[in-house]
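# Understanding the architecture of this molecule
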Amino acid sequence: MQMAWDQRYAQRVKRIQGSAIRELLKVTEMPGTISLAGGLPAAEIFPIEKIAAVTQRILEKNGGQALQYGLTEGYTPLRELLADRLQQEGINAGPDNILITTGSQQGLDLLGKIMIDAGDPLLTESPTYMGALQACNPYEPAYVPVRSDEEGIVTDELEAALQANPKFIYALPNFQNPTGITFTLERRQKLIEIASRHGVPIVEDDPYSQLRFEGEPLPSLLKLENERQKGEGHTDQPYQGNVIQLNTFSKVLTPGLRLGWVVAQADVIRKLVLAKQGADLHTATFNQMIAYEIARDGFLEEHVPLIRQTYRERRDIMLAALEENFPDNVRWTRPQGGMFLWVTLPEGVDAALLLKDALEYRIAFVPGEAFHPCGGGANTMRLSFSNAKPEQIDEGIRRLGRLLHAKLARA
Ligand SMILES: Cc1ncc(COP(=O)(O)O)c(C=O)c1O
């Protein structure tokens, strides 16, 4: 008998849907197509030789441990090293405040698992990282979207949104995926102040802060929350703040190692550890040891500037090409770091329909609507400048410009 699988799946699977866009974007693998769609780092600058050397050393010296089961919390020396870095920033965190995850994407899933019941309000920027929506959707939150402008989340609209009493606020303060926007210091401070007054936790997703190629670095929400706490007299206690930070090696080393980490107060970490045990027992010990060996000898301090330089050059080429080739009534962001920028087309132009035509011109981007938790943004798109080569970026934007001129003239 043929199995009626639809009757076997859990209700929550209805919330896990493939997208027509994902199907469309599969053709970007065709030769000749320039993709500005995927959020991929530049593979040609991955430190392959360094990773090979470190891998060899680990296998020779510590192969048994590298290939054995490990602690769910993560490889202790790596957690200690990450905690030391937080201490250097003035945040009183120890290894008990850190959980190593299988990419920061797993951090999002685990937070959904431990914090969201069906129907719970969840406050997000709109637009926001699509992968966070995918991670949370199965737990069936009711999204409370808050607009962003060029200074970040619009904090003046937060008070009203917080009346819904969301389980947490999900925020991306640095070079946001998808818009490339960075919260100003004032917006960061207001966000911390308002969230604390309402007693609502903030999940700060921060994969891109190291990739700043312009302007002054700004304090993380974690750091500001730590200062707020110190101001309340909690000076030498371990970190007890309301900010949970997600971080990752994906953008400063390689995404294929699948290594991220969560920083939070110890009680939250303990709950996440239990949830992670059921998911994958622990993140690959071997990969954690590789990242530890690479990070401890200061290699990332040498390597990250190369990533910044590469992406800065690509961003500049993309901005120049947009200026030269896009119609006057199209707007875009000018990110000071990260991997993405965001284009707003005139009202009424549907970026998803435009993508179908763009693929005929052999150029791909991600239409913006899917980044909006409650819909909207049909006239927006995300362009990535990290992965395509400079000449491809220039040619890709030219092609897109030709298409837009033709479309908008007809409209
Ligand atoms: C905002 C944001 N969060 C999380 C992730 C997931 O990254 P990873 O699981 O590789 O750490 C990404 C990846 O692009 C991202 O842009």
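Just so it is clear, the model here is predicted, and its values are computed rather than measured. (Residues numbered from 1 in each chain as written. Predicted model: local features only at pLDDT ≥ 70, side-chain atom pairs only at ≥ 80, totals over all residues.)

## Considerations on the sheet that holds strand β13 (residues 366-367)
Defined as follows: Strand pairing is assigned whenever DSSP identifies at least 2 bridges connecting the two strands. Secondary structure follows DSSP: runs of H or I at least 4 residues long count as helices, runs of E at least 2 residues long count as strands, and numbering of each begins at the N terminus.
Strand order in the open sheet formed by 4 strands is β10-β11-β14-β13, and the pairing between neighbours is antiparallel. The open sheet has two edge strands, β10 (331-332) and β13, and neither has a second partner. Direction of pairing for strand β11 (residues 340-344) relative to strand β14 (residues 380-384): antiparallel, over a ladder of 5 bridges. Within β14, the residue paired with V343 across the bridge is M381.

## Brief notes about the domain arrangement of the chain
What counts, and what does not: Each domain span listed reflects an automatic or database assignment of domains. Contact criterion: two residues are in contact if their C-beta atoms, reconstructed from the backbone, are within 7 Å. Only Asp, Glu, Lys and Arg are considered charged, only Ala, Val, Leu, Ile, Met, Phe, Trp, Tyr, Cys and Pro nonpolar, and every remaining residue, Gly among them, polar.
Taken as a whole, the chain is organised into domain 1 (9-47 + 301-410) and domain 2 (65-297). Taken together, the contact between domain 1 and domain 2 spans 28 residues of the former and 30 residues of the latter. Contributing elements (two or more residues each) for the side of domain 1 that touches domain 2: α12 (299-325) and β11. Of all the elements, α12 adds the most residues to the side of domain 1 that touches domain 2, at 5 residues. Tallied by class, residues from the side of domain 1 that touches domain 2 come to 15 nonpolar, 8 polar and 5 charged.

## A look at the site of the ligand
Our working definition: Using a C-beta atom placed from the backbone, a residue is scored as near a molecule or strand whenever that atom is within 6 Å of it.
Among the 14 residues in the neighbourhood of the ligand, the closest are listed as G103, S104, Q105, T248 and S250. Examining the composition of the shell around the ligand, we find that 3 residues originate from one element, helix α5 (residues 103-115), more than from any other. Of the residues assigned to the shell around the ligand, the class counts are 4 nonpolar, 9 polar and 1 charged.

## Digging into the sheet that holds strand β7 (residues 202-205)
What counts here: Each axis is a line fitted through C-alpha atoms, taken for helices only over the stretch in contact, and angles between the N-to-C directions span 0 to 180 degrees.
With mixed pairing, the 8 strands of this open sheet are ordered in space as β2-β9-β8-β7-β6-β3-β4-β5. With partners counted over all chains shown, the strands left at the sheet margins are β2 (98-101) and β5 (152-153), one partner each. In this sheet, strand β4 (residues 142-149) lies alongside strand β3 (residues 121-126) in parallel orientation, the contact comprising 6 bridges. If you follow L122 over to β4, its bridge partner there is Y143. Contacts from helix α4 (residues 76-88) reach β2 and β9 (260-263) within the one sheet, and its direction differs from that of β2 by about 125°. Taken strand by strand, helix α9 (residues 221-231) contacts β6 (169-171), β7, β8 (243-248) and β9, and its axis lies near 150° from that of β8.

## Concerning the packing of α12 against helix α14 (residues 390-410)
How we decide: Roughly parallel means an angle under 35 degrees; roughly antiparallel means over 145; roughly perpendicular covers 65 to 115; every other angle is labelled oblique. Should the near helix be turned anticlockwise from the far one by less than a right angle, the crossing is left-handed, and should it be turned clockwise, the crossing is right-handed.
α14 packs onto α12 with a crossing angle of 25° between their chain directions and a minimal axis gap of 9 Å. On the basis of the axis angle, α12 is roughly parallel to α14. Like other packed secondary-structure pairs, α12 and α14 cross with a definite hand, here right-handed. On the side of α12, the interface is formed by E313, R314, I317, M318, A321, L322 and N325, while α14 contributes P390, I393, D394, I397, R398 and G401. Counted by class, the contact of α12 with α14 contains 7 nonpolar, 2 polar and 4 charged residues.

## Details of the environment of S126
Positionally, S126 belongs in strand β3. Along the backbone, S126 and G375 are 249 residues apart, and their C-alpha atoms lie at a distance of 9.0 Å. Contact partners of S126, with chain neighbours within four places excluded, come to P145, V146, R147, H372, P373 and C374.

## Brief notes about unusual backbone geometry
Worth spelling out the cut-off: Residues with at least 20 neighbouring C-beta atoms inside 10 Å of their own are called buried, those with 12 or fewer are called exposed, and the rest are partly exposed, where every C-beta is derived from the backbone.
Between S126 and P127 the backbone carries a cis peptide bond, its omega angle lying at 5°. For P127, the position within the fold is in the loop between β3 and α6 (130-136). At the junction of N177 and P178, the peptide bond is cis and its omega measures out at 25° in the coordinates. As for its placement among the helices and strands, P178 is situated in the loop between β6 and α8 (185-198). Residue E140 is not a glycine yet carries a positive backbone phi of 60°. Tracing the backbone shows E140 in the loop between α6 and β4. Overall, E140 belongs to the partly exposed group, with 17 C-beta atoms counted inside 10 Å. Of note, the phi angle at F175 is positive, near 45°, even though the residue is not glycine. Summarising the element assignment, F175 is placed in the loop between β6 and α8. Residue F175 is classed as buried on the basis of its C-beta count, with 27 C-beta atoms lying within 10 Å.

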